[in-house]
Amino acid sequence: MRTFDDMLAKQLQNEDFRKEYEAIQPEMDVIRAIVEARTSQNLTQKELAERTGINQADISKLENGTRNPSVNLLKRLADGMGMMLKIEFVPKQKA
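Model, not experiment: these values are computed from the prediction. (Residues numbered from 1 in each chain as written. Predicted model: local features only at pLDDT ≥ 70, side-chain atom pairs only at ≥ 80, totals over all residues. Heavy atoms only, no water.)

1. Here we look at helix 2 (residues 15-40)
Right, on to step 1. The end-to-end C-alpha separation of helix 2 is 35 Å, in line with the 38 Å expected for 26 residues at 1.5 Å each.
Right, on to step 2. The largest bend in helix 2 comes to about 45 degrees, at Gln25, with the proline Pro26 one to four residues further on.
Right, on to step 3. Next to the buried residues of helix 2 lie helix 3 (45-52), helix 4 (56-63) and helix 5 (71-80).
Right, on to step 4. Among the residues of helix 2, the N-terminal cap falls to Asn14, whose side-chain oxygen and the backbone nitrogen of Asp16 are separated by 2.9 Å. (Helix = DSSP H or I, 4+ residues; strand = E, 2+ residues; numbered from the N terminus. Expected span 1.5 Å × (residues − 1). Bend = angle between axes of the 7 residues up to and from the residue. Contact = heavy atoms within 4.5 Å. Polar contact = N/O pair within 3.5 Å; in protein donor to acceptor, adjacent residues only side chain to side chain.)

2. Looking at the nonpolar core
Right, on to step 1. Ile34, Ala37, Leu43, Leu48, Ala49, Ile54, Ile59, Leu62, Leu73, Leu74, Leu77 and Met81 together form the largest nonpolar core, which totals twelve residues.
Right, on to step 2. Looking at this core, the elements that each hand over two or more residues are helix 2, helix 3, helix 4 and helix 5.
Right, on to step 3. Per-element accounting of this core gives the leading share, three residues, to helix 5.
Right, on to step 4. In this view, Leu73 contacts Ile54, Leu62 and Arg67; residues no more than four positions away in its chain are not counted. (Core = buried A, V, L, I, M, F, W, Y, C linked by side-chain atoms within 4.5 Å. Buried < 20%, exposed > 50% of the residue type's maximum accessible area, 1.4 Å probe, protein only.)

3. Notes on a nonpolar patch on the surface
Right, on to step 1. A cluster of nonpolar side chains, contributed by Val71, Leu85 and Ile87, occupies part of the molecular surface with about 250 Å² of accessible area.
Right, on to step 2. Structurally, Val71 can be placed in helix 5.
Right, on to step 3. Taking relative accessible area as the criterion, Val71 reaches 45% and is therefore assigned partly exposed. (Patch = residues over 30% accessible without salt bridge, like charges linked within 9 Å, V, L, I, M, F, W, Y side chains within 5 Å. Areas by Shrake-Rupley, 256 points an atom, 1.4 Å probe, with all protein chains shown as cover. Salt bridge = Lys/Arg side-chain N within 4 Å of Asp/Glu carboxyl O.)

4. Topic: unusual backbone geometry
Right, on to step 1. Positive phi outside glycine occurs at Asn42, with the angle close to 55 degrees.
Right, on to step 2. With respect to the helices and strands, Asn42 occurs in the loop between helix 2 and helix 3.
Right, on to step 3. Take Asn42: its relative accessible area is 68%, and that puts it in the exposed class.

5. Let's talk about the environment of Ser40
Right, on to step 1. Note that Ser40 resides in helix 2.
Right, on to step 2. Measuring from C-alpha to C-alpha, the distance between Ser40 and Met81 comes to 9.9 Å, with 41 residues separating the pair along the chain.

6. Structural notes on the packing of aromatic side chains
Two numbers describe a pair of aromatic rings. These are the distance of the centres and the angle of the planes.
Right, on to step 1. Following the criterion strictly, the structure yields one aromatic pair and no others.
Right, on to step 2. Between Phe17 and Tyr21, the aromatic rings sit 6.1 Å apart at their centres with planes inclined by 15 degrees, giving stacked as the arrangement. Separated by four residues within a single helix, Phe17 and Tyr21 lie in helix 2, roughly one turn from each other. (Phe/Tyr/Trp six-rings, centres within 6.5 Å; stacked < 30°, edge-to-face > 60°.)

7. Observations regarding the UniProt feature "domain: HTH cro/C1-type" (unreviewed entry) in the protein chain
Right, on to step 1. Residues annotated by UniProt as "domain: HTH cro/C1-type" (unreviewed entry) correspond here to residues 34-90.
Right, on to step 2. Along residues 34-90, the helical share is 58% and the strand share 0%, with 20 Å between the first and last C-alpha atoms. (UniProt positions renumbered as here; feature names shortened; annotations may be inferred.)

8. Considering the packing of helix 3 against helix 5
Right, on to step 1. Between helix 3 and helix 5, the shortest axis-to-axis distance is 9 Å and the interhelical angle comes to 105 degrees. Taken together, the axes of helix 3 and helix 5 lie roughly perpendicular to each other. In contact with Leu48, Arg51 and Thr52 of helix 3, helix 5 contributes Arg76, Leu77 and Gly80. (Axes fitted to C-alpha atoms, helices over the stretch in contact; angles between N-to-C directions. Parallel < 35°, antiparallel > 145°, perpendicular 65-115°, else oblique.)

This is how it looks when you write it as structure tokens:
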């Protein structure tokens, strides 16, 4: 049985696929960070909405990638989870 990682590794050998995959990584990293932070505290979207004053539907849109958050919105989410927002730039990987 093939795993997701096996399939992804094969797909990443295709130059067009790799470029598209890399292009969406920042957005996917933001989504992953929001979901992991929320679930690590055993919070539901509704509970996070109550803590932050952000509509639960908007949190859902953030988590499923249909809404792009502003830095201020990310700060509000972090604050609602008792966290601090940290954004960093890292060097690109050499191919």
